[in-house]
Structure formats: C-alpha cells, structure tokens
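Structural overview for review
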Amino acid sequence: MSPLTLDAIRRALDGSIPALIATCAPDGTPNCAYLSQVEYVDPAHVALSWQFFNKTRQNVLANPVARLLVVDSRTIARYRLVIRYLRTETAGPLFERMKAKLAGIASHTGMTGVFRLQGSDVYRVEAIERVPGPVLPAPPEDRNLLAAVRDCARRIGAIADLESLLDTALECIAEKFAVEHALVMLRDAGGGRLYTVASRGYADSGVGSEIPLGQGVIGVAARERTPIRIGYAQAEYAYGRAIREAALRDGIVLETEIPLPGLAESSSQLAVPIEAFGRLLGVLFVEAAEDQRFGYDDEDALVAVAGQLGAAIHVLQAAEGEDAPAAAAPGASPVAGPALQVRHFAENDSVFLGGDYLIKGVAGSIFHALVTDFLATGRTEFSNKELRLDPRVKLPDIGDNLEARLILLARRLDERDAGVRIEKSGRGRFRLAVSRVLELVEVG
Amino acid sequence: MPEAALIDPELAAFLQRGVSVHVSSRGPTNIPNLVRGIGCRVSADRRQVTAFVLASQCGALLAELAMNGAISFVATLPSTHRTVQLKGTDAKAGPPLPGDEALVARERAALVEDLVGVGYPPEMPRALLGGDWAEAVAITFTPTAAFVQTPGPGAGTPLGAGAR
C-alpha cells in the first residue's frame, strides 16, 4: 500500500473532532494539548494556531518534533502524524486565513474574546500513520465537485459578453455546487474598495454596494489574495457599521446608500479571489445558513472556477474596449409622462432620479455624461472606447474595468425602472434608452 | 511522593464521570507519542490514575512507557471544555482488573451522552470510543503534577493555584 498523503486525509483536519498535539520538553517530559485549529497549508505542511504562550509552544521551540492525532469526523478514521516545527507567520495570507477561521471557531465554542491568533506555526509533515480502530462507512458524497468544475468551466468558456458571463457563472455555481447565495465583487482600481456587480439569491441584488479592501471575509480575501473560509456564524468579519466607519477613518468614501447583500443568518462563508495574469480583479463569494457547509474540496473547486472566471473577465473586458459597428438603432422610443428630474451632485457624482438615489462615483459620472450628451444633441449611441477616454468619466485608473461599471449602472437603472436604461447595442457599444422627458439639474 | 494526593475527591469524580482521555509518552530521542484512551480509573486513595487504552492503537507508546515511565494524561469534558492534564514518571502498563470493563462501559455511555448533547450524532462517539475490550491495557501512574488546561490564558496553571 502506498503511504498516506496529507491531501488524502484533509477531511480529518476540519476540526469537527478536535485534534491533539503531543510535544516533549528537553528534560523528556511529554505534554499533550487540544488544538483549536489545524490548517492544511500544502501537501507537505500544516499550520497550527498559536494563541497563548503555553507548554506546547515552549516545547516545540526547544524540541521541534511533535505528534498530532486527527480524526475524520465522518468515518472516525484516526491518523497520527509526526510533524516538525519550522517557523511562525504573524501576517500574510496563511495568518489571515487562520485568523478568520478561528473567529468562527471561537464563536461556535463560546470562546469569542478568548481565542486570538498570535501566529500561524508552520510544521512539516514527516510521517502519517493510520491508527487502527472501528470506522463508520463514509456517507455518499452530495455532489461531484470535479464534474461541477468541469461544467462551470465549459459554460463560462462559451460566453462572449461580460454581463452574461457574471450571471452564467453565478447560475452555474448555484446549480452545480448547490449554493443558494453568491455574489461577485470587482476591485475599484484606484480606491481601495470593491463593488458588487452581480449577485444571486438575495432579496435585494445589492448591485453597486461597496466594501473597503481588507475588511470582512471578502475584503481580507481581496487584500491577501487568498481564499477565506469560515464554518460558523461570527461577528468579527461581518459587514457592520464599524467597518464602514473604519473605512471613513482611512479616507475611503464608500457607497453606503446601497446595502451589501448578505444572509442575516449566515454561518458558512467562502470568499475566493478572482485573479488574471497576476492582477486581482475581484472576489467570488458564497455563503450558507448551515454550519461547516464549505470544506477544503469546495474551496479548491471554487478557486478553479474563479480562475476560469478571471481569465474570461480579462479577455471580455479587452474585447468590449474595441470598437465594432453598431447594430441598427431602433426608431426613437416614445417619450411619455411627466418629466423625470435627474439631479447630479458634482461633489461626489451622486445621481438621483426623481427623489430616489441611483448611484455615485464612477458610475454616477458615466450616467451624468450620457444624459448631458443626450440632452444636448439627442445622441443615444455610445461606445465603451470613447467613454474610457472621456475626461468627464472619472475612472480611477486606466486598468479599471469600465465594462463592469456599465453593467452595474445598467442594473441600477433596471432596478429603479424610472424611464431611462442603458442597453447593449453591440460589442463595446451601448444605447441610452429614454422613455420619459429628462430634466438635468446640476447641484453644487 | 507528595504529602497529600494531588487529586481531590471532586477531581476524582470528574475523571470517572465519563471524560475524553488521551495519553502521551516519549521515545528515546524525545519524540512524543499520543493515543486516545477509552476510560480511566482513580485509586481509592486518589494517588494513582489508570488510563485504559487499546493495544492495537498504541504504536510504540506502550514500549516507550516501559522504557522510561514518562507520561502525560489529558482528560476533558466536551460540553464544558473543562480540561485537566496530569503528569507522571512511573507509568506502567498491565492488564485491567475485574470491574474495569464495567467502569469503562459506564464512562463510555456518559461520554457518548455528553457528546450527543453538544451535537455529535451518537454513532460517531460510539465508534470513536469503540473497540475490543480483549485488547484493553491499563496504564497506571502516580500523578506528580496537575494542570488546568481549559482553553484560555489560564491554561497551564498548576491545579490548586486558583484557576480551575
């Protein structure tokens, strides 16, 4: 029989049954302690949470070889590992991943305020041994994650425009991973924040809502560019008032009028960075009301899907930036009803339709430019390329995803249903569809 | 040997109420070893503790105890997280006594109940604590040090130092 690998016993690291560690002092006195967290790092390493300067820690600093006992909670299969302490990380992706997970574990076990991660102790796994004993039959798998990845990849690869891409990706994830609640946030290239561009399974779409980089499950996943996975309800990484206030202190002005979509009773959360060619594009986020809904395998599968999604976003964004001939414009739509007042506040580019808030920031500046041109010349056809170069559109960076801002604006307009929309009219082109008389009011 | 037993009557009762038990040893080059136990007994004078383990699960642990006697023993009640660690230097493995099988069966039933109470499906702790009594080994030692190990900053405090 080939030797056991760490990958093959990953389920035993999920902490459902707490792991134990035995260490030995230089004088030969053994010590044994429960662990609140064993994190899979890679096929040859695990990391343990360092929370207190206890006997375990004193011992491994002096004598680095330790023994770990872990149990797979589904089958009760037990494994004994020989591990060797290598180093402690006190910042970075591994540390942040463990810190977020620990917040969930602490909350679940009534240890909030007691458990606090000081460092991630990284150990090399030197041997793995199966401990004999009764085992339960493994329950059948709910779903085949490899098949789910394959299907998502196939469907994502078949899409030719950004808006359908985001919707298809969320639809496919919902179906194949049986995840009810999911969203995609994209990175604002200049402002240290992320904005929601598509969501699924929430009462309000939350499209246009923003969070600062580095805050909450999604923000930390983005800043550290690592998946963040939490198995139990907790408050530390929730998007409350405190996070918004912290952002303000950092000088980041956030979209606060549009609430972030989220489950009130969220227990399991998984945020996966969407990257392409070394750049962070955004974050794919899924959540569920049940405990421990997402395991290591779900994380791997969604990382693969996010990789595919990232490459597709990158390619489609570039394609939308090209000019292509416009489709024939339909006859002017009939304009009826009382005038719709479009109020624009120059200070932050916020826009109100009638009395209702629409959007601000980059998307607000786009809408303002479109309405200005429409009222001045009657123009309704626009191209992404000219908009990208338009000085009135305040893109934070040349690499910013203008196309995603247009999707966001289109969705907000659809949700408002106030008589003005934007519609795609060809690759890299769109049309302002106005069915009411518009009246632009400049404020400030 | 300490003047008074390290284990007071309350702790003796705790250890025998049905708690989760683990034993660790160390080899000749100070590599530690570790096994889950299936129960425990405290002697009438509370000076000795016996942990029951299954021989097939022990790896080199029994041989290491025979070599140097160094032992660490941890007992925890899952529902409260109360955890105690005992250490000794004179651990010896031997056959269980008459009556031990019934004691361990009682402890196992109580621990299964405690684990079910915190949300584990019953078949899980039953399998975890299951095994053939014919291979049970009694590891007996004299505790020379005892520590509170309930999770938190007080973990590691010697028992009787105020924190429990």
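Owing to the predicted nature of the structure, the values given are computational and were not obtained by experimental measurement.

1. Concerning helix α8 (residues 361–377) of chain A
An α-helix turns once every 3.6 residues. As a result, residues three or four positions apart point the same way. Residues and elements named next belong to chain A. An ideal rise of 1.5 Å per residue puts 24 Å on 17 residues; α8 measures up with 24 Å between its terminal C-alpha atoms. Taking burial as the measure, the 17 residues of α8 include 12 buried ones, the bulk of the element. Among the residues making up α8, those that are buried are V362, A363, G364, S365, I366, F367, H368, A369, L370, V371, D373 and F374. In the stretch just after α8, G378 is the one whose phi turns positive, near 80 degrees.

2. Digging into the nonpolar core
Across soluble globular proteins, nonpolar side chains have a tendency to be buried as a group. Counting residues in each nonpolar core, the largest one holds 73 residues, and the members touching the most others are A:F177 and A:F367. For this core, the domains that each give at least three residues are domain 2 (145–320) and domain 3 (340–443) of chain A. Setting aside anything within four residues of it in sequence, one finds A:F177 in contact with A:R143, A:L145, A:A148, A:V149, A:C152, A:C172, A:R293, A:A301, A:L302 and A:V305. In terms of nonpolar packing, the next biggest core, distinct from the first, is built from 30 residues, B:L15, B:L65, B:F73 and B:A75 among them.

3. Considering the interface of chain B and chain A
Listed per partner, the contact involves 36 residues of chain B and 40 residues of chain A. Summed over both sides, the interface between chain B and chain A buries roughly 2,900 Å², with carbon and sulfur atoms accounting for 64% of that surface. A per-residue breakdown of the area chain B buries against chain A is headed by B:P32, B:L34 and B:Q57, which together make up 21% of the total. Here chain B is connected to chain A by 0 salt bridges. On inspection of chain B and its partner chain A, the count reaches 15 residue pairs in polar contact (both at pLDDT 80 or more). Looking at the side of chain B that touches chain A, the elements that each hand over two or more residues are β1 (20–26), β2 (32–36), β5 (71–77), β6 (82–88) and α4 (123–128) of chain B.

4. Regarding the domain arrangement of chain A
Residue and element names in this part refer to chain A. Domain boundaries assigned for chain A yield domain 1 (7–131), domain 2 (145–320) and domain 3 (340–443). Measuring from the centre of the C-alpha atoms in domain 1 to the corresponding centre in domain 2 gives 29 Å. Opposite the 20 residues of domain 1 that make contact, domain 2 presents 18 residues. When the two sides are added together, the surface that domain 1 and domain 2 hide from each other amounts to roughly 1,600 Å², 53% of it contributed by carbon and sulfur. Joining domain 1 to domain 2, the criterion identifies 3 salt bridges. Put simply, R10 and D300 hold a salt bridge, and the shortest N to O gap is 2.9 Å. Linking domain 1 with domain 2 are 6 residue pairs in polar contact (both at pLDDT 80 or more). Sorting the residues of the side of domain 1 that touches domain 2 by element identifies β3 (38–42) and α2 (93–108) as the ones contributing at least two each. A class-by-class count of the residues in the side of domain 1 that touches domain 2 yields 7 nonpolar, 5 polar and 8 charged.

5. A short note on the packing of helix α4 (residues 162–176) of chain A against helix α7 (residues 296–320) of chain A
All names here are of chain A. Relative orientation of the contacting elements α4 and α7 amounts to 170 degrees, with a least axis distance of 9 Å. Between α4 and α7, the angle is such that the two are roughly antiparallel. At the point where α4 passes α7, the crossing takes the right-handed sense. Across the interface between the two elements, L162, L165, L166, A169 and I173 from α4 touch L302, V305, L309, A312, I313, L316 and E320 from α7. Each residue belonging to the contact of α4 with α7 can be placed in one class, and the counts come to 11 nonpolar, no polar and 1 charged.

Cut-off values and rules
- Residues numbered from 1 in each chain as written.
- Chains lettered and ligands numbered in written order.
- Predicted model: local features only at pLDDT ≥ 70, side-chain atom pairs only at ≥ 80, totals over all residues.
- Heavy atoms only, no water.
- Helix = DSSP H or I, 4+ residues; strand = E, 2+ residues; numbered from the N terminus.
- Expected span 1.5 Å × (residues − 1).
- Buried < 20%, exposed > 50% of the residue type's maximum accessible area, 1.4 Å probe, protein only.
- Core = buried A, V, L, I, M, F, W, Y, C linked by side-chain atoms within 4.5 Å.
- Domains from an automatic or database assignment.
- Contact = heavy atoms within 4.5 Å.
- Buried area = accessible area lost by both parts, 1.4 Å probe.
- Salt bridge = Lys/Arg side-chain N within 4 Å of Asp/Glu carboxyl O.
- Polar contact = N/O pair within 3.5 Å; in protein donor to acceptor, adjacent residues only side chain to side chain.
- Nonpolar A, V, L, I, M, F, W, Y, C, P; charged D, E, K, R; others polar.
- Axes fitted to C-alpha atoms, helices over the stretch in contact; angles between N-to-C directions.
- Parallel < 35°, antiparallel > 145°, perpendicular 65-115°, else oblique.
- Left-handed = near helix turned anticlockwise from the far one by under 90°.

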